[in-house]
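# Results of the structural survey
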Amino acid sequence: MSTAVDVTPPPAAPDAPSPARRSRARTRLEEAFLPPIVAILAAVVVGDLLILSFGQSPGAVYRLLLEGTWGNAYGFGQVLYKTTALTCTGLAVALALRAGLFNIGAEGQLAAGGFMAAALGLLLPAGTPWVLAVPLCVIAAMVGGGAVGAVPGALKAKFGAHEVIVTIMLNFITLALLNWIVAARLHVPETLHTPELHAGKIARLGGPFTGSAANWTILLALLAAAGVWWYLFRTRRGYELRAVGLQPDAAEYAGVRVGGVWWRAMAVSGALAGLGGVNFVLGYKGYYEDGFAGGAGFLGIAVALVGRNDPVGVVLAALFFATLSQGGLAINAVVPKQMVEVLQGVVILAVALAVPEVRRLLRVQPRRV
Amino acid sequence: MIVLTFLLQTVRIAIPYLFAASGGVVAERAGVVSLTLEGFMLSGAFCATLGSHYSGSAWVGVLCGVAGGVVMGLLHAIASIRFKADQIVVGIAINLLVVGLTRFFLHLAFDSSSNSPRVAGFGGENAGSGVMALVSNPLVWVGLVLVPVMGWLMYRTPLGLRIRAVGEHPVAAESVGVPVPRVRYLAVTLSGVLAALGGVYLALDQHQFTDQMTAGRGYVALAAVIFGRWDPVRAGIACLFFAAAETLQIQLQSLQAIPSQFVSMIPYLLTIVALAGLVGRSVPPAALGRAED
Amino acid sequence: MTPPDQSAAPVVRMAGIEKSFGDVRANRGASLEVGAGEIHALVGENGAGKSTLMRILSGMFTPDAGTVEVFGRDVTGWSTAQAIAAGVGMVHQHFMLVPTLSVAENVVLGMEPKAGLVVDRARARREVEELSRSTGLAVDAERLVSRLSVGEAQRVEILKALYRGARVLILDEPTAVLSPPEVQELWGVLRRLREQGATVVLITHRLDEVMEISGNITVMRAGTTVDRIRTAGTTPGDIARAMVGRDVALAAEHDVYRPGRAQAEGRAALEVRDLVVSAHGRPRAVDGVSFEVRPGEILGIAGVEGNGQTELIEAIAGLTPVVSGAVLLDGEDVTAFHVRQRGDAGLSHIPEDRHRRGLLLEYSVAENLVLGQQHRFQKGMGLDRDRINRNAGEQVSGYDIRPTDSELPARALSGGNQQKVVVAREMMRDFKVLLAAQPTRGVDVGAVELIHDRLRQARDAGKAILLVSAELNEVLALADRVAVMYAGRFATVLPRAEASEEVLGPYMTGAHREAA
């Protein structure tokens, strides 16, 4: 028996559309850029409302914000400093999302990375040359973050445990553990931080940015971004990782061991977040301080989302959020800097809403990334 | 006497968890991810403080707290159900948003970046933390009674049946005429109210609002939900268990036996263990987090 | 048993129904008339539009055009809630039961009997047990649905519809998941329902069942209604002819079987021994299958979809674990081999669902053309883009893939070209055994010819090909030996010379069951 016409049984979606009226490239651009643009617009609108509620003029406040960040060397240096950690956590979340995994644990992984760097920095003898000490400490940071990241990955691969909850829980556990270690053993009295490291510190950028916290870790962060880009889009493992994130059934068909990709992706993701810890510990203060992460791990999620999980986008988004964060300090005299925190939440929410809505309007197939 | 103090302390600590966990059970059973419990709690705490401050009455504070929970709950519901946004991202966004908003309005209303002035709670200014304070606080009774009530709601009422159906197999529910989006809206808004009440209790019990005063309680409540396998009574027991561990640690503080950090880890460790299936399978509602239907 | 009174007003009348989903026209001018107290069979091939038509009747879809009348009332475009209220209930092919709830809870969901604020469980159980007794649908009201067998779950679905007062019961391929004794039980239930005055519409493609149970038959083909027949006066052959129509002759002209030049000889390239594979809800979806495919031959598996072909292919490919049995490639036992290992051992696979398995729609055509072989296109850690692009160039021209720009994402291609990407990839590499599942699904006629040519060329070059197709014509055009799969087993295996539609038909519909 045969049919002359192959009619797809409903309600399955019909076959892929014939080459559409609007160009494919344009659709992709729209899908990539519209949500962040919508998000920024939403932030501006809400920002206006909050500023007005304080009796100030939005125009003046925004100008003040820009002057305090991109308008002077110190401000921009601070922006660069903040961009560094956000780039690392943003890359961490973006990479995991590319594999279809949600890493909410960047905060703990970042702290663990910072701690491992500090631990090694305290262990190394004081005269160790920086060519040796810095790479070692950086590697220690990435191992620390990677170890924390690997746990949810392995649990998902082995038990199917949902990584969202595990990473959230592990965050608390990691931070509590680190807090205890420092409080019980390692802290300088009257403070919450360790003694200064003997070796492995990273130099400040100096030059025009003297006085700010900007340091050479930003170079590492940018290299990491380049590295992630190359890994995702130029290597075989990256090809397989993205396949798992897009369509696990097809990846399986292609001979990929999905469980292995999961835990490896989480480990690398954790390592990237751990690298972010170096920014504060090695590059700024020279010691590990409890709570130094300061929300960079969670903001990393926003950075990854606004950056559409693309390394270049992540860097740009990190720059954006860093500007916002530093800008808050600049406008604090006029409008409380907490307004910036509200705007951060608004941006994330707006992107979250915009992504499926834009997809629906452009009639693109849904996917996790 | 020590036992009594222990029990009172445990109850005092457990109440916010009980409220939030009840909310978490309802929303997650309906298929909507409840990472927002922390944000709901905080907004309830803040709105209650505002209400109590401007009216001088704890009850007005409660109402304001509930209103805050309704608003945040609806926001979560609209984002997740109407816009079908990724519920995990929405959860994180709302939590961050609430922290920012409470800080911002803390500044606006009280010109402070850390806390509000003292406000009226239940049991008067001098109630302290003895038996009387606890017993005279209506929220304590509501919180305790909530556990069996939620169990009754989920397993005996038509609404509970529909919520469970919607969270497991929304298509099946739809095919028999159950209005899936409406049930979810109701469940999520209810979770907002309940979790907010947890925050209301916190704020009124401490007679003020402090920045980020929920300090992760919303996540502990979520841990209780998961550890309790999305069952209201089991989750309630988990809440009491976590609270007892905290109480134990506080009482043993002087002995320095177990560092507080390790006790604080207990709920989180147990949840991971539960998810890894090491103490029996902890299986979430099948349609959790998927709003496509 | 007297046949129903045909002169009374029909209980259901649908006329001129049009329904499209995007580009796909599922119903074109379809119609249906069912009299009171009938057991009416709605037959047709996969994709003929039967399910769509019934979902319109049950309120799940609204027709683009046409009218629907039930009990003499115009109800065109009504909702499921309205349909249920009016007494029209549908039992779907994929059950809509909540696994974590009990039988009784599932049955009463949405119209729960209440005692004050609470669900009256005792009454719910009583009513369900009542209904169960009176209809002969034996169920345990307190049992969790997740613990039910497929047959029991189906009974619950029927009870659900009857509990809501269904006077017209629509069943979509109900026997697809039942064993023969359960099928007989179902017939008993349907007959009892008819005696109680209910009307039944049965969607099926199994003609033996149609003959057994129905009183009247409506035949659909390609979205429209082509015939109305009284069961008493017809034969499976007549029905089959109506189902298939003239188109057969046309298609057969295009594609004629050409025997291989080389005779199949030597050790079997692919051997399957007593393979048992389970699928969701069906513990023996593949129920002990054994066969060989030799180098230089095409073994075609014919049969209606859903009889275990999918599971068989996925198990041989390594995507589903086997319960028992063995798979051997060129004499080597690969049963424990991972997918990639099987690929390296010379197994190629054209999957039946290109969107789910065969392609990554977001990836470029070039990237898709190395899917499954990406480890062979490495240069150090990176992917050798030059080689990948060269490979793409060869395969795009080799299979006339359009548009030719291999940087385009696969989602930009038409279905037919997407399929060509998959076929090109799997056939233009080194392999010994090819699994080809629905290789020309959704492909335009010209491309079908190209693919068929390539398959024959591969066979002539000494490859072994296992072909699975729901299109009998395709199997007859390509296969050197033809097997029919029915209910998880090979109902028969015949050399091409002995195979024809007339011979194979009965095996495909279970009318002629060979003891396996």
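Residues numbered from 1 in each chain as written. Chains lettered and ligands numbered in written order. Predicted model: local features only at pLDDT ≥ 70, side-chain atom pairs only at ≥ 80, totals over all residues.

With that settled, the discussion passes to helix 4 (residues 121–135) of chain C. Residues and elements named next belong to chain C. With 15 residues, helix 4 ought to run about 21 Å at 1.5 Å a step, and its terminal C-alpha atoms sit 21 Å apart, in line with that. Ala124, Arg125, Val128 and Ser132 are the residues of helix 4 that are buried. Looking straight down helix 4, one finds that the buried residues subtend no more than 95 degrees of arc, so they occupy a single side. Away from the buried face of helix 4 by more than 90 degrees, exposed residues Ala122, Glu130, Arg133 and Ser134 are located. Structurally, helix 4 contributes buried residues whose contacts are with helix 3 (103–108), strand 8 (118–119) and helix 5 (150–163). (Helix = DSSP H or I, 4+ residues; strand = E, 2+ residues; numbered from the N terminus. Expected span 1.5 Å × (residues − 1). Buried ≥ 20, exposed ≤ 12 C-beta atoms within 10 Å, placed from the backbone. Arc of directions from axis to C-beta. Contact = placed C-beta atoms within 7 Å.)

Turning our eyes to something else, we now look at the interface of chain A and chain B. Counting residues at the interface gives 37 residues for chain A and 36 residues for chain B. Mapped onto the side of chain A that touches chain B, the elements with two or more residues apiece are helix 1 (24–53), helix 5 (130–159), helix 6 (163–186), helix 11 (296–306) and helix 13 (338–362) of chain A. With 13 residues, helix 13 of chain A is the single largest residue contributor to the side of chain A that touches chain B. A breakdown of the residues in the side of chain A that touches chain B according to their chemical character gives 29 nonpolar, six polar and two charged. (Nonpolar A, V, L, I, M, F, W, Y, C, P; charged D, E, K, R; others polar.)

As a further point, take the domain arrangement of chain C. All names here are of chain C. When the domains of chain C are assigned, the result is domain 1 (12–251), domain 2 (263–346 + 463–516) and domain 3 (347–429). Taking only C-alpha atoms into account, the centre of domain 2 sits 26 Å from that of domain 3. The interface is formed by seven residues belonging to domain 2 together with four residues belonging to domain 3. Across the side of domain 2 that touches domain 3, the residue classes tally to three nonpolar, three polar and one charged. (Domains from an automatic or database assignment.)

With that out of the way, let us pick up the pairing of strand 12 (residues 224–230) of chain C. Residues and elements named next belong to chain C. When strand 11 (residues 216–221) meets strand 12, the two strands line up antiparallel, connected through six bridges. Counted as the bridge partner of Val219 is Asp227 from strand 12. Count of turn residues in the strand 11/strand 12 antiparallel hairpin: two residues, of which Ala222 carries a positive phi of about 50 degrees. (Pairing = 2+ DSSP bridges.)

This brings us to the sheet that holds strand 15 (residues 297–302) of chain C. All names here are of chain C. Strand order in the open sheet made by the six strands is 18-21-22-15-23-24, with mixed pairing throughout. What marks the edges here is a single partner per strand, and that holds for strand 18 (347–350) and strand 24 (489–495). For this sheet the average axis-to-axis angle between neighbouring strands, irrespective of direction, equals 15 degrees. Its contacts with the sheet put helix 18 (residues 501–508) on strand 15, strand 23 (481–486) and strand 24, and the angle it makes with strand 23 is roughly 25 degrees. (Axes fitted to C-alpha atoms, helices over the stretch in contact; angles between N-to-C directions.)

Time to look at the pairing of strand 2 (residues 24–34) of chain C. Residues and elements named next belong to chain C. Where strand 1 (residues 12–21) meets strand 2, eight bridges bridge the pair, whose relative direction is antiparallel. Looking across to strand 2, one finds that Ile17 is bridged to Ala30. Taking the residues between adjacent antiparallel strands as the criterion, strand 1 and strand 2 are bridged by two residues, where Gly22 takes a positive phi near 65 degrees.

Turning our attention to the packing of helix 3 (residues 58–82) of chain B against helix 9 (residues 180–206) of chain B. All names here are of chain B. The geometry of helix 3 relative to helix 9 is characterised by a closest axis approach of 7 Å and an angle of 145 degrees between their N-to-C directions. Handedness of the helix 3/helix 9 crossing: right-handed. Of the residues that constitute the contact of helix 3 with helix 9, the class distribution is 17 nonpolar, ten polar and one charged. (Left-handed = near helix turned anticlockwise from the far one by under 90°.)

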